[in-house]
Amino acid sequence: MPHGLHDLASLLQVTGLKQQHFADLIRIAQIIADPSCGLSGRSVKVDWESFGITSAVYSDLLQLGQRYLYASPNVSPVMLWEQLTPISREWLIENKKMLAVLEEAFPARDED
């Protein structure tokens with residue numbers, strides 16, 4: 001698994017990921033950090049393993065989501081890549097096609 005990818009072109013070429021995958025990853029991490037999507041009085045418990053997110057990946061994405069909870073999803077892919085553990089990097093590459101589907105399973109933060 002590639003670890004030391006320090007420029008965007010190399011990262012995207014070697015991993016087969018697109019910038020959109022990283023934006024989706026940020027949104028999923030934000031949902032993991034706050035599954036109620038900021039709705040007060042709403043408590044949501046999610047079985048993340050049913051979505052294919054193991055406990056190791058969950059922990060990594062939780063930290064990422066807490067760090068970028070209110071950030072735009074347009075965080076540098078290279079910076080995000082370096083913050084992921086090797087297990088989460090592998091998960092991202094293997095699950096890139098389902099990121100948008102997973103994101104759509106939860107209400108958007110910016111919608112009423």
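Structure's up top.
The model shown is predicted, which means the values in this text are computed figures rather than measured ones.

What counts, and where the lines are drawn
Residues numbered from 1 in each chain as written. Predicted model: local features only at pLDDT ≥ 70, side-chain atom pairs only at ≥ 80, totals over all residues. Heavy atoms only, no water. Helix = DSSP H or I, 4+ residues; strand = E, 2+ residues; numbered from the N terminus. Buried < 20%, exposed > 50% of the residue type's maximum accessible area, 1.4 Å probe, protein only. Contact = heavy atoms within 4.5 Å. Areas by Shrake-Rupley, 256 points an atom, 1.4 Å probe, with all protein chains shown as cover. Arc of directions from axis to C-beta. Axes fitted to C-alpha atoms, helices over the stretch in contact; angles between N-to-C directions. Parallel < 35°, antiparallel > 145°, perpendicular 65-115°, else oblique. Nonpolar A, V, L, I, M, F, W, Y, C, P; charged D, E, K, R; others polar. Phe/Tyr/Trp six-rings, centres within 6.5 Å; stacked < 30°, edge-to-face > 60°. Salt bridge = Lys/Arg side-chain N within 4 Å of Asp/Glu carboxyl O.

Scanning the chain for helices and strands turns up six helices and zero strands. Per-residue burial over the chain gives 38% buried out of 112 residues. Considering only contacts in the chain between residues 6 or more positions apart, those separated by 24 or more positions represent 72%. Of the roughly 6400 Å² of accessible surface on the chain, 51% is carried by carbon and sulfur atoms.

As a further point, take helix α5 (residues 86-94). Since there are 3.6 residues in each turn of an α-helix, residues three or four apart along the chain are aligned in direction. All of the buried residues in α5 are Ser88, Arg89, Trp91 and Leu92. Taken end-on, α5 shows its buried residues confined to a sector of 160°, consistent with a single buried face. The elements touched by buried residues of α5 are α2 (19-33), α3 (55-67), α4 (77-83) and α6 (99-104).

The subject of this paragraph is the environment of glutamine 63. Tracing the backbone shows glutamine 63 in helix α3. A relative accessible area of 47% means that glutamine 63 is categorised as partly exposed. Residues glutamine 63 and glutamine 30, 33 residues apart in the sequence, show an inter-C-alpha distance of 9.3 Å.

Interaxial distance between α2 and α3 falls to 7 Å at its minimum, and their mutual angle equals 95°. Our classification of the angle between α2 and α3 gives roughly perpendicular. Residues Leu25, Ile26, Ile28, Ala29, Gln30, Ile32 and Ala33 of α2 lie in contact with α3, whose contacting residues are Tyr58, Leu61, Leu62, Leu64, Gly65 and Gln66. Residue composition of the contact of α2 with α3, grouped by class: ten nonpolar, three polar and no charged.

A few words on the packing of aromatic side chains. Taken as a whole and assessed by the stated rule, the structure comprises one aromatic pair. On the basis of an interplanar angle of 40° and a centroid distance of 5.8 Å, the ring pair of tryptophan 48 and phenylalanine 51 is categorised as tilted. When its relative accessible area of 28% is taken as the criterion, phenylalanine 51 is described as partly exposed.

So, about the pattern of salt bridges. Tallied over the full model, the rule gives two salt bridges. Note that aspartate 24 is salt-bridged to arginine 27, the shortest N-O span being 2.7 Å. On the criterion of helical spacing, the pair formed by aspartate 24 and arginine 27 is a turn pair, its members being three residues apart in helix α2. Residue aspartate 24 is classed as buried on the basis of its relative accessible area, which comes to 5%. Glutamate 103 is paired through a salt bridge with arginine 27; the nearest N and O atoms lie 2.7 Å apart. Of this pair, glutamate 103 sits in helix α6 while arginine 27 is found in helix α2, placing the two residues 76 residues apart along the sequence. Exposure remark for glutamate 103: the relative accessible area of 15% places this residue in the buried category.

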